[in-house]
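# Coordinate inspection notes
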Amino acid sequence: GPDGDNQIKNFTLSRELVEVGVLQNGSKRESVVITNNGDLSLKFDLSLVGLNDLLELNVNNFSLNSGDFQVVDINIDVSDDESPGVKTASLIVKSGTISKFVNFVIEIISNGALFDLKSELVNNVLTEEDVITAVISMTDISNLGEVEVSLEYFVKDFENNETKLGEETLTVDGNLEIERTFDIPEKLELGDYVFYVKLNYQGNFATSSDTFKLTNI
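Just so it is clear, the structure is predicted and the values come from calculations on it, not from any experiment.

## Some points on the overall build of the protein chain
Counting its regular elements, the protein chain contains one helix and 17 strands. Counting over 217 residues, the protein chain shows a buried share of 45%. Of the contacts formed within the protein chain by residues at least 6 apart in sequence, a portion of 66% connects residues at least 24 apart. Per element, the accessible surface of the protein chain, about 11300 Å² overall, is 41% carbon and sulfur. Taken together, the 15 basic and 38 acidic charged side chains of the protein chain have centroids lying 6 Å from each other.

Encoded structure:
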């Protein structure tokens, strides 16, 4: 009938990106609020892509009347044998033909890290003709003196697929800031990605990440 034609199905997510650091053998809980802001009651199905061994949802499907909301808890549990690094995942929230996503960047932090590492992209929105430019700073937080460290550079999508961009060895004395430029890997499709750096000093790791969007505009 005519009264159904103008009724809108829609919902909102309280966040689209969750960035969290978790120690080895540690755990954290993050929450996302799903609100039915349309006119009709909706059924929801939730699923995780990537990291099913680390992430657990407190609820996988539910219904919401118009105006109601549901808090979804995502529990992150990291075992002590999980290697330090940056992991990605995506929570898919589906209702009928509408799908929305919450992207996760989970930095697994080494117990007893010797370096503090920060990486920041100069631009977070890139086209395929651009380059990835990152400013990376590393600080020795344990007074090692002049040491050699190796750095590896990666790009990840939100299904935990990884592409290595390069690696190098550097001498750090206290602290060091560098700028590095990388070509965008040809196989990357348009979408959301994570650039991340992994520092290795004699088997002791530090990581840092920043997100970017690959677009054609």
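## Some thoughts on the side chain of T211
By the element assignment, T211 lies in strand β17 (residues 204-214). For T211, a relative accessible area of 18% translates into the label buried. Excluding anything up to four places from it in sequence, T211 contacts L17, E19, V105, L121, N124, F158, Y193 and V194.

## Looking at the side chain of Q24
Along the chain, Q24 turns up in the loop between β2 (17-23) and β3 (27-36). Separated by 3.1 Å, the side chain of Q24 and the backbone nitrogen of N111 make a polar contact. Those residues in contact with Q24, other than ones at most four positions away along the chain, are V78, S79, D80, E82, S83, P84, I108, I109, S110 and N111.

## So, the confidence of the model for the protein chain
This prediction gives the protein chain a mean pLDDT of 93; 98% of its residues lie at or above 70. When the elements of the protein chain are averaged for pLDDT, helix α1 (residues 2-5) gives the smallest value, 52, and strand β6 (residues 61-64) the largest, 98.

## Regarding the sheet that holds strand β13 (residues 146-156)
Across the sheet, which stays open at both edges, the five strands sit in the order β11-β17-β16-β13-β14 with mixed pairing between neighbours. On the outer flanks of this sheet lie β11 (125-126) and β14 (162-173), each paired with one strand and no other. One ladder, built from two bridges, connects β11 with β17; its direction is parallel. Bridged to V125 within β17 is K213.

## Concerning the nonpolar core
Formed by 29 residues in total, the largest nonpolar core has its most connected members in I34, F44, L46, L91 and I106. Filtering out sequence-adjacent residues up to four positions away, L46 remains in contact with I34, L57, V59, N60, F62, V72, L91, I92 and V93. Counting 27 residues, the second-largest nonpolar core is a separate cluster that includes I132, A134, V172 and F212.

## Things to note about the environment of D45
You can see D45 is positioned in strand β4 (residues 42-49). Overall, the relative accessible area of 46% leaves D45 in the partly exposed class. Separated by 16 residues in the primary sequence, D45 and N61 have C-alpha atoms spaced 4.6 Å apart. Those residues in contact with D45 that sit more than four places away from it in its chain are N60, N61, I92, V93 and K94.

## Brief notes about the pairing of β14
Relative to β14, β13 is paired through eleven bridges, and the arrangement is antiparallel. Each residue of the ladder has a partner; that of Y153, found in β14, is G166. Linkage of β13 to β14, two consecutive antiparallel strands, is achieved through a turn of five residues, within which N160 is found at a positive phi near 70 degrees.

What counts and how
Position numbers for residues count from 1 along each chain, tracking the sequence in the order it is written. Local features in this predicted model are restricted to residues whose pLDDT is 70 or higher, and side-chain atom pairs enter the listing and the counts only when it is 80 or higher, whereas totals over whole chains, interfaces and linings include all residues. To obtain the side-chain values, all non-hydrogen atoms of the structure were used and water was disregarded. Strands here mean DSSP runs of E at least two residues long; helices mean DSSP runs of H or I at least four residues long; both are numbered from the N terminus. To sort residues, take the accessible area from a 1.4 Å probe on protein chains only and compare it with the maximum for the residue type: under 20% means buried, over 50% means exposed, and anything in between is partly exposed. Residue contacts are counted whenever heavy atoms from the two residues lie within 4.5 Å of one another. In these tables, accessible area is a Shrake-Rupley quantity obtained with a 1.4 Å probe, and a residue counts as shielded only by the protein chains included in the view. Residues counted as positive are Lys and Arg, residues counted as negative are Asp and Glu, and His and the chain ends are not counted. Each charge is placed at NZ for Lys, CZ for Arg, CG for Asp and CD for Glu. Within 3.5 Å is the distance limit for a polar contact, defined as a pair of N or O atoms, with the added protein rule that one can donate a hydrogen and the other accept it, and that residues adjacent in sequence qualify only through two side-chain atoms. A residue's pLDDT is simply how confident the predictor is in it, with values from 0 to 100. Between any two strands, pairing holds if DSSP finds at least two bridges. Buried residues of nine kinds, namely Ala, Val, Leu, Ile, Met, Phe, Trp, Tyr and Cys, make up a nonpolar core once their side-chain atoms join them within 4.5 Å.

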